[in-house]
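Each chain, letter by letter, is given below.
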Amino acid sequence: MDKFIIEGGRRLFGSVRAQSAKNSVLPLLAACILTEERVTVRETPPITDVACMAQILRELGAEVVFRDGNAVVDSANAGDHRISSSLTKELRSSVFMLGSLLSRFHRAVIAYPGGCDIGLRPIDLHLNALKRLGVSICERDGYIYCECEKLTGAEIVLDFPSVGATENILLAAVEAEGRTVLEGAAKEPEIVDLQNFLNAMGANVAGAGSDVIVIEGVKKLHGAEYLPVKDRIEAGTFLIACALCGGEIEVSGVKSESLGLLLHKLRENGCKIHTKNDKIRIASYGRLKCNRRIETMPFPGFPTDLQAQMTALNSVCEGGALIVENLFETRFKYVPELQKMGADIEVKGRNAFVRGVKGLHGASVTAGDLRGGAALVLAALGAEGTSEVYDLSHIDRGYSDMQGKLKNLGAEIKRVRV
Ligand code: EPZ
């Protein structure tokens with residue numbers, strides 16, 4: 001197990017380019033199984049979630065090779081339709097493999113992914129939608145057995161704009177017979193990316209990014225080469241790091257409109273932000289003011305994946321802030337670790353009441369999940385003195401070379417084996 005040793009109190013200066021989006025690359029890799037031809041997903045980030053998804057594809061019989069930073073997938077020989085429990089436990093989001101396995105094999109068996117550190121994470125919306133497309137589903141002994149004679153287009157309405165369910169529906173409907181109209185779809189930029197990728201493979205999908213997506217089933221999909229969108233959550237994490245530490249940085253690769261309300265909230269804190277094309281410059285000098293209220297919402301609302309990072313920022317701003325986590329039941333588990341650094345935060349259910357303190361002090365803290373771990377790193381960068389952040393396996397799931405990128409921005413951070 002590794003840890004970060006961080007000397008806090010340094011301002012950040014310089015520029016950083018965002019990696020390809022983890023939450024786009026994962027469904028894109030799942031979609032590779034839809035064709036027997038070669039697919040290349042370019043500039044895949046070297047993060048463990050991507051390595052895990054590659055392993056899932058290999059267990060299904062596909063060949064996955066990482067070459068010059070790209071993932072090259074050949075699934076001509078894929079024949080298995082079962083995903084083991086160890087892999088679904090490791091990568092919850094593998095549940096959207098159901099859609100692509102059903103498209104390819106008309107069968108799929110997957111261990112029930114179950115909850116994780118941030119909440120229960122049910123998959124009822126996924127399963128109800130697949131049933132609408134003609135899939136019969138039975139859940140037994142912790143496994144989900146799915147099969148269908150064929151997939152038939154249908155009208156589907158999602159009660160909640162679930163990202164994963166929307167992706168599963170696209171993957172299951174692209175080669176279904178007839179038209180599928182999905183209402184109440186998630187509108188995240190990663191959904192638009194999946195639509196563009198599927199269309200590059202010969203699918204006929206339209207409307208992603210809006211509430212209604214229409215999928216005209218096609219007979220066959222072909223290979224493609226595709227460059228995914230950049231990671232708006234990684235980009236947002238670096239912007240918040242600069243807000244917290246002070247200084248001036250430029251983050252490139254991500255359009256401002258993909259960051260939802262983040263830029264508005266950072267301006268509310270008192271940061272100066274300029275955007276041009278896919279470049280976002282942020283400057284932060286002097287003590288910032290707390291955001292009175294941050295409520296996480298589906299896109300284009302404030303992203304839940306930046307909630308922990310903004311709580312860390314608010315813990316050293318002037319005043320008080322109410323942070324409301326509307327998407328996941330237990331996404332404040334990182335708070336006790338921030339309290340070890342002197343943060344004054346009270347959690348009640350889905351609400352965190354933050355009272356800004358003048359500054360945090362270094363401490364030994366442990367990451368418990370991906371974005372909570374990122375928040376601890378940001379807090380340590382802004383804290384007075386030395387901090388240690390343990391259990392970096394969570395951070396490695398979604399951030400490639402976080403310490404290298406922060407070091408290039410002037411942070412005093414090193415990664416050591418424990
Ligand atoms: C995706 O998870 C992301 N993961 C998450 O990012 C992100 O936090 C989340 O979307 C919301 O934006 C990937 O894309 C790999 P949801 P997903 O289905 O698809 C409820 C990160 O840190 N729900 O939109 O699992 C669910 O309980 C990760 O990168 C149902 O009730 O999110 C939750 O309350 C964390 N029934 C809400 O919807 C269902 O069938 C949002 O879930 C499905 C979801």
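Predicted model, so just to flag it, every value in this text is computed and none were measured. (Residues numbered from 1 in each chain as written. Predicted model: local features only at pLDDT ≥ 70, side-chain atom pairs only at ≥ 80, totals over all residues. Heavy atoms only, no water.)

1. With respect to the overall build of the chain
Reasoning step 1: A count of helices and strands for the chain gives 14 helices and 24 strands.
Reasoning step 2: Taken over the C-alpha trace, the chain has a radius of gyration of 21 Å; the compact-globule value for 418 residues is 22 Å, and the two agree within 12%.
Reasoning step 3: Viewed in the frame of its principal axes, the chain has a C-alpha envelope of about 65 × 45 × 40 Å.
Reasoning step 4: Taken over 418 residues, the chain has a buried fraction of 58%.
Reasoning step 5: Counting only contacts in the chain whose residues sit at least 6 apart along the sequence, the fraction spanning at least 24 positions is 73%.
Reasoning step 6: Approximately 16100 Å² of the chain is accessible, and the part contributed by carbon and sulfur atoms is 49%.
Reasoning step 7: Charge centroids of the chain, computed over 50 positive and 52 negative side chains, lie 4 Å from each other. (Helix = DSSP H or I, 4+ residues; strand = E, 2+ residues; numbered from the N terminus. Rg over C-alpha atoms; globule rule 2.2 N^0.38 Å. Buried < 20%, exposed > 50% of the residue type's maximum accessible area, 1.4 Å probe, protein only. Contact = heavy atoms within 4.5 Å. Areas by Shrake-Rupley, 256 points an atom, 1.4 Å probe, with all protein chains shown as cover. Lys, Arg positive; Asp, Glu negative; His and termini not counted. Charge placed at Lys NZ, Arg CZ, Asp CG, Glu CD.)

2. Observations regarding the sheet that holds strand 24 (residues 412–417)
Reasoning step 1: Reading across from one edge, 22-23-1-24 is the order of the four strands in this open sheet, with mixed pairing throughout. With partners counted over all chains shown, the strands left at the sheet margins are strand 22 (364–366) and strand 24, one partner each. Within the sheet, the average angular offset between the axes of one strand and its neighbour, ignoring direction, is 20 degrees.
Reasoning step 2: Pairing of strand 1 (residues 2–7) with strand 23 (residues 386–390) involves five bridges; the strand directions are antiparallel. In the strand pairing of strand 23, Ile5 is matched with Glu388. (Pairing = 2+ DSSP bridges. Axes fitted to C-alpha atoms, helices over the stretch in contact; angles between N-to-C directions.)

3. Some thoughts on the nonpolar core
Reasoning step 1: Leu29, Met53, Met97, Phe197, Leu198 and Ile213 are the most contacted members of the largest nonpolar core, which has 75 residues in total.
Reasoning step 2: Leave out the neighbours within four places in its chain, and Leu198 touches Ala31, Leu34, Leu170, Leu171, Val174 and Ala203.
Reasoning step 3: Counting residues in hydrophobic clusters, the runner-up holds 71 residues, among them Ala241, Ile282, Val335 and Leu378. (Core = buried A, V, L, I, M, F, W, Y, C linked by side-chain atoms within 4.5 Å.)

4. Describing the pattern of salt bridges
Reasoning step 1: In this structure the tally under the stated criterion is 27 salt bridges.
Reasoning step 2: Across the pair Arg415 and Asp2 runs a salt bridge, and its minimum N-O distance is 2.7 Å. With Arg415 in strand 24 and Asp2 in strand 1, this pair connects stretches of sequence that are 413 residues apart.
Reasoning step 3: Given the relative accessible area of 14%, Asp2 is considered buried.
Reasoning step 4: Here Arg179 makes a salt bridge to Glu216, at a shortest N to O gap of 2.6 Å. Pair noted here: Arg179 is in strand 11 (residues 179–183) and Glu216 is in strand 13 (residues 212–216), with a separation of 37 residues, a long-range link.
Reasoning step 5: Using a relative accessible area of 24% as the deciding quantity, one classes Glu216 as partly exposed.
Reasoning step 6: Taken together, the shared-partner salt bridges in this structure form one network comprising Asp2, Asp396, Arg415 and Arg417. (Salt bridge = Lys/Arg side-chain N within 4 Å of Asp/Glu carboxyl O.)

5. Examining the domain arrangement of the chain
When the parts of a complex come together, some accessible area is lost, and that lost area is often taken as the interface size.
Reasoning step 1: Structurally, the chain comprises domain 1 (2–19 + 230–417) and domain 2 (22–226).
Reasoning step 2: Once you take the C-alpha centre of each, domain 1 and domain 2 turn out to be 30 Å apart.
Reasoning step 3: With both chains or domains summed, domain 1 and domain 2 bury close to 1800 Å², and 53% of this area falls on carbon and sulfur atoms.
Reasoning step 4: Counting across the interface, domain 1 meets domain 2 through three salt bridges.
Reasoning step 5: Put simply, Asp49 and Arg397 hold a salt bridge, and the shortest N to O gap is 2.8 Å.
Reasoning step 6: One can count nine residue pairs in polar contact (both at pLDDT 80 or more) joining domain 1 with domain 2.
Reasoning step 7: Only helix 12 (370–382) and helix 13 (393–396) provide two or more residues apiece to the side of domain 1 that touches domain 2.
Reasoning step 8: Considering every element that reaches the side of domain 1 that touches domain 2, the biggest residue donor is helix 13, with three residues.
Reasoning step 9: Classifying every residue of the side of domain 1 that touches domain 2 by side-chain character gives seven nonpolar, eight polar and 11 charged. (Domains from an automatic or database assignment. Buried area = accessible area lost by both parts, 1.4 Å probe. Polar contact = N/O pair within 3.5 Å; in protein donor to acceptor, adjacent residues only side chain to side chain. Nonpolar A, V, L, I, M, F, W, Y, C, P; charged D, E, K, R; others polar.)

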